[in-house]
Protein chains: 2
Amino acid sequence: MTYRLVVDSAQLEEQIINLSPDQLHYLKRVLRLQNGQTFIVLDGKGTTLLVSLEDKRAKILELLKQRNELSRKIHLMVALPKGSGFEDIIRSCTELGVTSFMPICTERTLLLPSQGKLDRWRKISKEATEQCEREIVPQILPPVELPVAISNLDLEIISAYLCLTRDNGIPHLGESTIPQEREILLAIGPEGGWSQREIEVFLASGFNAVSLGNRILRTVTAPLAAVAMINAILKE
Amino acid sequence: MTYRLVVDSAQLEEQIINLSPDQLHYLKRVLRLQNGQTFIVLDGKGTTLLVSLEDKRAKILELLKQRNELSRKIHLMVALPKGSGFEDIIRSCTELGVTSFMPICTERTLLLPSQGKLDRWRKISKEATEQCEREIVPQILPPVELPVAISNLDLEIISAYLCLTRDNGIPHLGESTIPQEREILLAIGPEGGWSQREIEVFLASGFNAVSLGNRILRTVTAPLAAVAMINAILKE
């Protein structure tokens, strides 16, 4: 398998890519690549290049065709879980094709994460992109409160689903027919679920309430399950 | 939320349940339940009872109707991953309704797990059953080699899917129409995939090759994604 490396757009020039000392160390010392050997470079925004190592730079050989992205954008709005749960969610949901992560501080969120945490999350999504062979690094937005997050959405182009446990008569996510051409947003609650007030905010904003089934899912299971169900509906 | 406790069938008598010292300790010291307070007892095979605490026993008050199980049996045949990956798979896939776990020793499996490991896996599936509010504790079979596992299957009553990464022209799991009344089996490979020889064994045995999409999924993500896709198809 060819090694894949996400670089910053600023590193790209017309024919070459300037590699950072860290990247060079990894390519030469860890992977033991020699001059002339090839690997793949992505800018994380959709440009994928076959390159060869030439001393401290990479020479661009070929623009590769994108083929591993979903045809639709999937946004994941998720109540920040305790501990390292959000890191697991980023890893697995990047693999399943999520376009952007929107962490939410809910009524039950205790602590706002630091900038260091946000940087760490972005590093994880970059690494997961390399490993699962996607072309686009998902965006991770800074955590905000629910009303702010909702007011930032353009619900004219997004079909938004509020994912709940237990059906209580609401349709299963698997029954959804997602309108053509629209982006998809999945909102997943915290342990113990969204508060009644939060649910009302979602519904008043035009979210469709859907069920993920009759069992109680943990906060790390629910996002992955919901995104996989969308993959099944898209058949991608 | 009412506390749920899985007990051994041998603990059930006609009107009462004999509680073990560990169970009593948890109910009385950790949950601080008093005599007369109610909780739920399951035998893990489908019997769910509302009971009340009465000294060292539980008095059966009512037989509860089962409502959180899927309508179909889902069997998960999964190549044993490294480290504690299988524990994560048991936790999350129990939540998604899997009936039985069939760990497989593949050509790339280094170490056979000990009996202690198998006991630990069974404890995890029991706890996950309590927490996700299922009525049936999934069965965890001892790890065996692939040909043995396949020869133990009754493929007359099971629709079996070999889940692969990348489509290569094979249909996506989301496109599958699962025949009515049949049980479902999902086979998920090890890191690096099944060997060509193993794939041939599956296909010769009547497994349907399906794709989980165009991205590379880690061994802990793939089983969860595949089971969630089946949930979406079943709309349960």
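All values reported here derive from a predicted model rather than from experimental measurement.

Participant: Outline the relation of the copies chain A and chain B, supporting the account with residue identities and numerical values.
Facilitator: By a simple turn and slide, chain A fits onto chain B: the slide is 0.0 Å along the axis, the RMSD is 0.0 Å, and the turn is 180 degrees. As the rotation angle and translation indicate, the two copies are arranged about a two-fold axis. Within chain A, A:Met229 has its C-alpha nearest the rotation axis, a separation of 2.5 Å. Of all interface residues in chain A, 100% are interface residues in chain B too; the two copies therefore contact each other through one and the same surface.

Participant: So, the domain arrangement of chain A: which residues are in play, and what are the values?
Facilitator: All names here are of chain A. Entries for chain A in the domain assignment read domain 1 (4-64) and domain 2 (74-234). For domain 1 versus domain 2, the separation of C-alpha centres amounts to 33 Å. Across the contact, eight residues belong to domain 1 and eight residues belong to domain 2. Of the roughly 670 Å² buried between domain 1 and domain 2 on both sides combined, carbon and sulfur atoms contribute 55%. The three residues of domain 1 that bury the most area against domain 2 are Arg-4, Val-6 and Gly-44, which together make up 69% of that side's buried surface. Connecting domain 1 to domain 2 are zero salt bridges. The interface formed by domain 1 and domain 2 contains three residue pairs in polar contact (both at pLDDT 80 or more). Broken down by element, the residue count for the side of domain 1 that touches domain 2 peaks at three residues, all from strand S1 (residues 4-6). Taken together, the residues of the side of domain 1 that touches domain 2 break down into three nonpolar, three polar and two charged.

Participant: Can you break down the interface of chain A and chain B residue by residue, with the values?
Facilitator: Taken residue by residue, the interface counts 33 residues in chain A and 33 residues in chain B. Around 2,800 Å² of area is buried between chain A and chain B when both sides are counted, 56% of it from carbon and sulfur atoms. On inspection of chain A and its partner chain B, the count reaches two salt bridges. Our count for the chain A to chain B interface comes out at 14 residue pairs in polar contact (both at pLDDT 80 or more). When contributions to the side of chain A that touches chain B are tallied by element, the ones reaching two or more residues are helix H2 (85-95), helix H3 (115-132) and helix H6 (221-234) of chain A. No other element matches the seven residues that H6(A) contributes to the side of chain A that touches chain B. In the side of chain A that touches chain B, the residues fall into 10 nonpolar, 11 polar and 12 charged.

Participant: Describe the packing of aromatic side chains, naming the residues involved and giving the relevant values.
Facilitator: Residue and element names in this part refer to chain B. One pass over the structure, following the stated rule, counts 10 aromatic pairs over all chains. Note on Phe-86 and Phe-101: the rings are 6.4 Å apart at their centroids and 90 degrees apart in plane angle, and the pair reads as edge-to-face. A residue pair is termed long-range when its members are at least 10 positions apart, and Phe-86 in helix H2 (residues 85-95) and Phe-101 in strand S7 (residues 100-105) qualify at 15 residues. Neither Phe-86 nor Phe-101 differs from the other in exposure class; each is buried.

Participant: Outline the pattern of salt bridges, listing residues and values.
Facilitator: Across all of its chains, the model carries 10 salt bridges over all chains by this definition. For A:Arg218, the salt bridge is made with B:Glu95, and the minimal N-O distance between the two is 2.4 Å. One end of the pair, A:Arg218, is in the loop between strand S12 (208-211) and H6; the other, B:Glu95, is in helix H2, on a second chain. For B:Glu95, a relative accessible area of 4% corresponds to the buried category. Two residues, B:Asp88 and B:Arg91, come together in a salt bridge whose shortest N-O distance is 3.4 Å. Placement of the pair is B:Asp88 and B:Arg91 together in helix H2, with a separation of three residues, close to one helical turn.

Participant: So what's going on with helix H3 (residues 115-132) of chain B? Which residues, and what values?
Facilitator: Residue and element names in this part refer to chain B. For H3, built from 18 residues, the straight-helix expectation of 26 Å at 1.5 Å per residue is met to within 8% by its first-to-last C-alpha distance of 26 Å. Buried within H3 we find Leu-118, Trp-121, Ile-124, Ser-125, Ala-128, Thr-129, Glu-130 and Cys-132. Where H3 is buried, its residues touch strand S1 (4-6), strand S3 (38-42), H2, S7 and strand S8 (139-140). Looking at the residues trailing H3, positive phi occurs at Glu-133, about 70 degrees.

Participant: Outline the side chain of A:Asn68, listing residues and values.
Facilitator: Note that A:Asn68 resides in the loop between strand S5 (57-64) and strand S6 (74-79). Beyond its immediate stretch of four places on either side in the chain, A:Asn68 contacts A:Glu133, A:Arg134, A:Glu135, B:Arg166, B:Asn214 and B:Arg215.

Participant: Talk me through the packing of H2(B) against H3(B); I want residue IDs and the actual numbers.
Facilitator: All names here are of chain B. Between H2 and H3, the least distance of the axes is 9 Å, while the angle of their chain directions is 30 degrees. The orientation of H2 with respect to H3, classified from their angle, is roughly parallel. Considering how the two elements wind past one another, H2 and H3 form a crossing that is right-handed. Judged by residue contacts, Phe-86, Glu-87, Ile-90, Arg-91, Thr-94 and Glu-95 of H2 engage Arg-120, Trp-121, Ile-124, Ser-125, Ala-128, Thr-129 and Cys-132 from H3. Looking at the contact of H2 with H3 residue by residue, the classes come out as six nonpolar, three polar and four charged.

Participant: How would you explain the nonpolar core if you had to name every residue and give the values?
Facilitator: Among the nonpolar cores identified, the biggest contains 72 residues, and A:Leu76, A:Leu186, B:Leu76 and B:Leu186 are the most heavily contacted of them. If we ignore the near neighbours within four places in the chain, the residues touching B:Leu186 are B:Ile74, B:His75, B:Leu76, B:Met77, B:Tyr161, B:Cys163, B:Leu173, B:Ala226, B:Val227 and B:Ile230. B:Ile104, B:Leu146, B:Leu162 and B:Leu164 belong to the second-largest nonpolar core, a separate cluster that totals 19 residues.

Participant: Mind laying out the sheet that holds strand S5 (residues 57-64) of chain B, listing which residues take part and the relevant values?
Facilitator: Residue and element names in this part refer to chain B. One open sheet accounts for five strands, arranged S1-S3-S4-S5-S2; its pairing is mixed. The open sheet is flanked by S1 and strand S2 (16-18), the only strands paired with a single partner. Taking the axes of each pair of neighbouring strands and ignoring which way they run, one obtains an average angle of 40 degrees across the sheet. Pairing between S3 and strand S4 (residues 48-54): five bridges, direction antiparallel. In the strand pairing of S4, Ile-40 is matched with Leu-50.

Analysis parameters
- Residues numbered from 1 in each chain as written.
- Chains lettered and ligands numbered in written order.
- Predicted model: local features only at pLDDT ≥ 70, side-chain atom pairs only at ≥ 80, totals over all residues.
- Heavy atoms only, no water.
- Least-squares fit on C-alpha atoms with pLDDT ≥ 70 in both.
- Contact = heavy atoms within 4.5 Å.
- Domains from an automatic or database assignment.
- Buried area = accessible area lost by both parts, 1.4 Å probe.
- Salt bridge = Lys/Arg side-chain N within 4 Å of Asp/Glu carboxyl O.
- Polar contact = N/O pair within 3.5 Å; in protein donor to acceptor, adjacent residues only side chain to side chain.
- Helix = DSSP H or I, 4+ residues; strand = E, 2+ residues; numbered from the N terminus.
- Nonpolar A, V, L, I, M, F, W, Y, C, P; charged D, E, K, R; others polar.
- Phe/Tyr/Trp six-rings, centres within 6.5 Å; stacked < 30°, edge-to-face > 60°.
- Buried < 20%, exposed > 50% of the residue type's maximum accessible area, 1.4 Å probe, protein only.
- Expected span 1.5 Å × (residues − 1).
- Axes fitted to C-alpha atoms, helices over the stretch in contact; angles between N-to-C directions.
- Parallel < 35°, antiparallel > 145°, perpendicular 65-115°, else oblique.
- Left-handed = near helix turned anticlockwise from the far one by under 90°.
- Core = buried A, V, L, I, M, F, W, Y, C linked by side-chain atoms within 4.5 Å.
- Pairing = 2+ DSSP bridges.

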